[in-house]
Amino acid sequence: MTSPIRIGLIGTGRIGQVHAATIDRSNDFELTYTCDTFIAGAENIQSLYGGKITDDPEVLLNSGEVDAILVAAPTPTHVGLIERAIDLGLHVLCEKPIDLDIERVDALREKASKAKTLIAIGFNRRFDPGFNQIQARVAAGEIGTLEQLIIISRDPAPAPQEYIHVSGGIFRDMTIHDFDMARFFVPNIVEVSATGTNAFCDYIAEEGDYDSVAVTLRGANNELVTIVNSRHASFGYDQRLEAFGSLGMLTASNLTPTSVQLHTAEAVEVREPYFNFFLERYALSYQNELADFATSIRSGKAINPNYEDGRAALVLANAALESAQTGKAVKL
Ligand SMILES: NC(=O)c1ccc[n+]([C@@H]2O[C@H](COP(=O)([O-])OP(=O)(O)OC[C@H]3O[C@@H](n4cnc5c(N)ncnc54)[C@H](O)[C@@H]3O)[C@@H](O)[C@H]2O)c1
């Protein structure tokens with residue numbers, strides 16, 4: 001039996017805790033080190049899953065006890081930690097986005113392209129079983145030529161104002177996942193049109209951001225991708241996808257915790273609300289993402305999504321913001 005890959009977790013907040021639990025359930029990895037500048041966060045992970053802890057990323061990075069790191073610390077730390085991983089010969093799975101500033105992403109681009117170790121970017125939705133299957137079936141030609149892709153992504157409720165203030169705006173914070181999903185199906189996007197409004201949230205408007213946006217992307221083969229985002233949805237986390245092609249259509253609907261339905265003379269309906277947010281809705285995707293990272297480390301399979309994919313999603317986000325602000329389509 002192959003021995004587990006020793007992994008260090010950096011950041012133990014909302015998503016870091018999910019990754020720690022996922023690592024613990026995985027046979028591929030052993031959580032040997034956890035770091036959080038807020039040491040109580042690391043202590044909590046240690047009490048649940050063991051391993052050593054520190055409040056200094058450099059201690060973890062130089063410990064000689066990790067082969068890979070999982071970066072779940074705030075976005076401004078990502079570029080620096082990816083660079084340290086490259087320098088120290090460690091594989092890295094870094095949460096999205098790489099950074100909010102394309103210049104910082106570009107500054108590491110060449111070095112990232114020459115890295116001897118793997119750099120995976122945490123666009124977990126590619127690993128959602130439903131979306132992943134649709135992409136594979138489209139690629140296999142099951143619905144003929146892909147003509148249109150519709151991605152609907154609505155959060156249950158907006159994040160607090162302090163979060164919106166540093167989020168980088170809806171396109172870089174929220175739509176970034178959908179830009180990556182668009183590129184999963186249509187890697188080469190040549191034109192971006194976007195529009196945004198303030199439909200319901202005063203403090204998002206105060207921050208100069210939109211709470212509701214629609215984006216149209218044109219692919220190199222004239223595929224049209226429509227993305228619809230809202231910062232709220234009264235019925236929960238709204239995550240749907242539709243791929244429409246010359247021979248048919250593939251769709252993925254919202255998920256509920258169980259498949260129980262009420263059947264009466266009046267109606268047939270699901271009585272449970274949808275999963276409330278990403279931690280529950282995308283639990284399997286985080287598991288599959290980690291398994292894919294292990295496969296690439298062990299087999300040398302190309303990592304996907306990689307640094308270039310992370311950069312490309314940010315380029316689309318910036319183009320969407322420009323289009324929404326100028327009212328003009330942006331050619332790439
Ligand atoms: N893929 C997804 O579904 C998903 C979901 C949520 C967040 N994210 C991304 O994950 C990252 C973290 O988001 P979050 O919501 O978990 O944030 P969070 O604020 O809940 O947690 C961040 C943690 O990192 C710690 N930290 C801060 N600076 C650090 C440093 N220099 N070294 C080590 N630890 C440090 C904080 O103390 C905190 O515990 C962000 O980049 C975010 O965009 C991705």
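Note that this is a predicted model, so its numbers are computed, not measured. (Residues numbered from 1 in each chain as written. Predicted model: local features only at pLDDT ≥ 70, side-chain atom pairs only at ≥ 80, totals over all residues. Heavy atoms only, no water.)

1. A few points about the site of the ligand
- In the vicinity of the ligand lie 25 residues, with Arg14, Asp36, Thr75, Glu95 and Tyr286 positioned nearest.
- Arg14 places a side-chain nitrogen or oxygen 2.9 Å from an oxygen atom of the ligand.
- In terms of residue class, the shell around the ligand is made up of eleven nonpolar, ten polar and four charged. (Near = heavy atom within 4 Å. Polar contact = N/O pair within 3.5 Å; in protein donor to acceptor, adjacent residues only side chain to side chain. Nonpolar A, V, L, I, M, F, W, Y, C, P; charged D, E, K, R; others polar.)

2. Some remarks on the sheet that holds strand β9 (residues 212-219)
- With mixed pairing, the seven strands of this open sheet are ordered in space as β12-β11-β7-β10-β9-β8-β15. Edge strands, defined here as strands with exactly one partner in the open sheet, are β12 (248-252) and β15 (330-331).
- Bridging between strand β7 (residues 146-154) and strand β11 (residues 238-245) involves eight bridges; their strand directions are antiparallel. Looking across to β11, one finds that Ile151 is bridged to Leu241.
- Contacts from helix α10 (residues 175-185) reach β7, β8 (189-197), β9, β10 (224-230) and β11, with the element oriented near 160° to β7. (Pairing = 2+ DSSP bridges. Helix = DSSP H or I, 4+ residues; strand = E, 2+ residues; numbered from the N terminus. Contact = heavy atoms within 4.5 Å. Axes fitted to C-alpha atoms, helices over the stretch in contact; angles between N-to-C directions.)

3. Things to note about unusual backbone geometry
- Cis geometry is adopted by the peptide bond preceding Pro97, which originates at Lys96 and carries an omega value of -15°.
- In this fold, Pro97 is placed in the loop between β5 (91-95) and α5 (102-107).
- A positive phi is found at Asn222, a non-glycine position, where the angle reads about 70°.
- Among the secondary structure elements, Asn222 is positioned in the loop between β9 and β10.

4. Quick notes on the domain arrangement of the chain
- Domain parsing of the chain yields domain 1 (5-117) and domain 2 (126-284 + 312-331).
- Inter-centroid distance (C-alpha atoms) of domain 1 to domain 2 is 27 Å.
- Contacts between the two partners involve ten residues from domain 1 and, on the opposite side, 14 residues from domain 2.
- Across the interface of domain 1 and domain 2, roughly 870 Å² is buried in total on both sides, 70% from carbon and sulfur atoms.
- A per-residue breakdown of the area domain 1 buries against domain 2 is headed by Arg14, Lys96 and Leu100, which together make up 59% of the total.
- Seen at the junction of domain 1 and domain 2, the total is zero salt bridges.
- Taken together, the connections running from domain 1 to domain 2 amount to zero residue pairs in polar contact (both at pLDDT 80 or more).
- For the side of domain 1 that touches domain 2, the element with the highest residue contribution is helix α1 (residues 14-25), accounting for three residues.
- Broken down by class, the residue content of the side of domain 1 that touches domain 2 amounts to six nonpolar, no polar and four charged. (Domains from an automatic or database assignment. Buried area = accessible area lost by both parts, 1.4 Å probe. Salt bridge = Lys/Arg side-chain N within 4 Å of Asp/Glu carboxyl O.)

5. Some words on the packing of α10 against helix α14 (residues 307-326)
- The interhelical angle for the contact between α10 and α14, taken along N-to-C directions, is 115°, at an axis separation of 9 Å. Judged by the twist between their axes, the crossing of α10 over α14 is right-handed. Every residue of α14 that contacts α10 at Ile176, Phe179, Asp180 and Arg183 is listed here: Asp309, Ala312, Ala313, Leu314, Leu316, Ala317 and Ala320.
- Of the residues belonging to the contact of α10 with α14, the class tally is eight nonpolar, no polar and three charged. (Left-handed = near helix turned anticlockwise from the far one by under 90°.)

6. Points about the environment of Lys96
- Positionally, Lys96 belongs in the loop between β5 and α5.
- With 18 residues separating them along the chain, Lys96 and His78 place their C-alpha atoms 8.6 Å apart.

7. Looking at the packing of aromatic side chains
- This structure, assessed with the given rule, holds eight aromatic pairs.
- Cluster of aromatic residues (ring-pair linked, three or more members): Phe131, Tyr237, Phe277, Phe278 and Tyr282.
- In this structure, Arg281 is placed above the aromatic ring of Tyr282, and the distance from its NZ or CZ to the ring centre is 4.5 Å. (Phe/Tyr/Trp six-rings, centres within 6.5 Å; stacked < 30°, edge-to-face > 60°. Lys NZ or Arg CZ within 6 Å of the ring centre and 35° of its normal.)

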